[in-house]
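Structural features, examined
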Amino acid sequence: MVISLENISKFYNGNQVLKNIALTIEDNDRIGLIGINGCGKSTLLKIITGKEIPETQPEPNVARISLTKGMTIGFLEQNTGLDRSCTIIEEMRSVFSNMLEISERLRELERLMAEPSAHDNEQYFAEISAEYAQKTAFFEANDGYLINVNITKVLNGMGFPPETYDRVISTLSGGEKTRLALAKLLLENPKLLILDEPTNHLDFQTIMWLEEYLQEYKGALLIVSHDRYFLDKLTTSICEIERGVLKRYKGNYSAFTVQKQADVARQLKEYEAQQEEIAKLQDFVDRNLVRASTSNMAKSRIKKLESMEIIEKPVLYEKSAKIKFEYDITPPIDLLTVKNIDVSVGKGSERKTLVESLSFDVKRGEKLAIIGSNGIGKSTLLKIIQRKLPCSHGIIEWTKNVKISYFDQENAQLDPNKTVMDEVHSRYRTMSDREIRSLLGCVRLIGENVFKQVGVISGGERAKLCFAIMMLERGNVLILDEPTNHLDIDTKEVLEQALCEFDGTIIFVSHDRYLLNKLATRIIEITENSVESYNGGFDDYISVKREKEAEIQLIAERQKQEKAKQTADENKVKAYRSKEQRAADAKKRNRIKELENEIERLEAEMSVIQEELSDPEVCSDYQLMQEKCASLENMKKLCSEYEDEWVALSEEF
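Reading guide: rules and limits
Residues numbered from 1 in each chain as written. Predicted model: local features only at pLDDT ≥ 70, side-chain atom pairs only at ≥ 80, totals over all residues. Heavy atoms only, no water. Helix = DSSP H or I, 4+ residues; strand = E, 2+ residues; numbered from the N terminus. Rg over C-alpha atoms; globule rule 2.2 N^0.38 Å. Buried < 20%, exposed > 50% of the residue type's maximum accessible area, 1.4 Å probe, protein only. Contact = heavy atoms within 4.5 Å. Polar contact = N/O pair within 3.5 Å; in protein donor to acceptor, adjacent residues only side chain to side chain. Pairing = 2+ DSSP bridges. Axes fitted to C-alpha atoms, helices over the stretch in contact; angles between N-to-C directions. Left-handed = near helix turned anticlockwise from the far one by under 90°. Arc of directions from axis to C-beta. Salt bridge = Lys/Arg side-chain N within 4 Å of Asp/Glu carboxyl O.

The next subject is the overall build of the chain. Looking only at helices and strands, the chain features 19 helices and 18 strands. Relative to its length of 653 residues, the chain is extended, with a C-alpha radius of gyration of 41 Å against a globular reference of 26 Å. Oriented by its inertia axes, the alpha-carbon framework of the chain measures out at about 170 × 75 × 45 Å. Relative to its 653 residues, the chain shows a buried fraction of 42%. Contacts in the chain between residues at least 24 apart in sequence constitute 68% of all its contacts with a sequence separation of at least 6.

In structure tokens:
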């Protein structure tokens, strides 16, 4: 067990957000925490991490939070990141400060043990040797030699290549700071890792890397996310908070939706059956309580009613398209042609081209998704094809009878100073307040929210307002820029169903892989160097990408094998040549040895002759003296020749 929660309750402004929550997280749990916006997910996370305390309650509902000894919790809050004056690499290395200190101490101990004086003191040498052995074992057991490898792996995976390591953190963008905070958490490797919307600010490549990394994570995971694809990949259980109550379901998000639907259907039947029983009992009481003959029977019915555990009516979210997009005119099949356009941003000399020579066609009824890394120009492209932004060159041709309805992720078309009601009314003046409120109710904008200014409602509520306006526009082409951002899961599913049922044309940009998988009939991926088209949804796109990667890997492997074979063949030739060379080298070495022996012999003989020349008897014999000198001179000359040959041969090795 990592942590256990019992009887966790919380009130805000008199409203109970959490009701006696119970949750146990085991060592290797993979839990997804879901619920509508405002249900208490963030509050529960703050209680788990000690940032908030639960309500004080009397027995038997005393709140208890139990943590195992040595428990460590890492928490990535939504839209929070690092903000430091140090560099990226310095901040990442700070995670391993203890291990780096041990590494420095090991180097110091190695220096001390190498000093000759250390060996003179046996006790001192034994002490530093024991410390060295202990610290080495600890360093190795905690992967001390892999610190730089792990830092590089995580930073690269989170989109920080080596050339960014010296950047000062305070100069990074908000999204980069959030990604860096997540990278640091992964390196810290806490026993419980809590992530609140971790896929925000991440592109596909980074999200998929994070999924693979977390699949191998050794600790427990608690994830709050609206990314259902992400939840499907990682979670083994789903905890839903509804009406302040937490209920846990086995399996990933897709398994949860099936169980939840069955759960709601069962609870609804039980609720209706109980309500029917309550009505019958109450009717009997009403008719028989005042009669003396039946009063006791009526009182027994009252007791039964009082002791009955009331079943709450389940929350029913209508999935059957309360959002519905319709149109009046059907355009021709060949809807849009885009040829050799550039996607550029900025003005004048500061204008920057993001994509060159982009071309594609769109047919009527297609659901075309446009994907690519952040900043590649996807949102700009949507505006260019609508002629909201200029196109420097190329062709954009729409067929006749096209009516576009556009969802801008920034909601720039809304007036922040108008109320929600006025925003609709200013566009459709003939609509009555009742009709407008009915429309807004379809997108779950109800109550006092309809009288609030657009600028103060949440991002999700502004998105819902845009969908309501789009329903009135009746466009036969929907152009959507990140339509599921800011939406809770239930609203996403309502929108998805509406988009899937729409038989017109949809061109959309999204990072929501669940939506891409469910809606897209074709995907266009934009990169700096190319534009690729893939038929089908996200799973099909991934499958084709992996096949291409496997093919590239296979080609690379074959090239590697061919190169290895070529190298082996060359080595065989070299080996043949080296056999002759080795023989020549051996001959040279033998000659060097012979020369050394000859030089040694000559030097010995010359030494004897020199001694003889100092002998008086030899000196008195002129002829003998002359012979000895001539012999000595010949030996010196021969010795010099041998030495020159020895030097020449030695330099060849």
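With respect to the helices and strands, the residue Ser225 is situated in the loop between β7 (220–224) and α8 (228–234). A distance of 2.9 Å separates the side chain of Ser225 from the backbone nitrogen of Asp227, its partner in a polar contact.

Pairing within the open sheet is antiparallel, and its 3 strands lie in the order β11-β10-β13. At either margin of the open sheet sits one strand with a lone partner, and together these are β11 (352–363) and β13 (395–398). Taken pair by pair, the neighbouring strands of this sheet meet at an average axis angle of 20 degrees, ignoring direction. Two elements, strand β10 (residues 334–345) and β13, share 4 bridges in a ladder whose sense is antiparallel. Within the sheet, the bridge partner assigned to Leu336 lies in β13 and is Trp398. Sitting on the sheet, helix α11 (residues 378–385) is in contact with β10, β11 and β13, with an inclination near 125 degrees to β10.

The next thing to look at is the packing of helix α5 (residues 147–157) against helix α6 (residues 174–188). Running from amino to carboxyl end, α5 crosses α6 at an angle of 145 degrees, the nearest separation of the two axes being 10 Å. For the element pair α5 and α6, the recorded crossing hand is right-handed. Contacts between α5 and α6 involve Asn150, Ile151, Val154 and Leu155 from the first element and Leu180, Ala183, Leu186 and Leu187 from the second.

Buried within α5 we find Ile147, Ile151, Val154, Leu155 and Gly157. One face of α5 carries all of its buried residues, which in axial projection span an arc of 165 degrees. Downstream of α5 by a residue or two, Gly159 has a phi angle that is positive, lying close to 90 degrees.

For the structure shown, the criterion picks out 36 salt bridges. For Lys135, the salt bridge identified is with Glu131, shortest N-O distance 3.3 Å. Highlighted residues: Lys135 and Glu131, both in helix α4 (residues 122–141), separated by 4 residues, approximately one helical turn. On the basis of relative accessibility, which here comes to 24%, the residue Lys135 falls in the partly exposed class. Here the residues in one salt-bridge network are Arg105, Glu108, Glu131 and Lys135, joined through shared partners.

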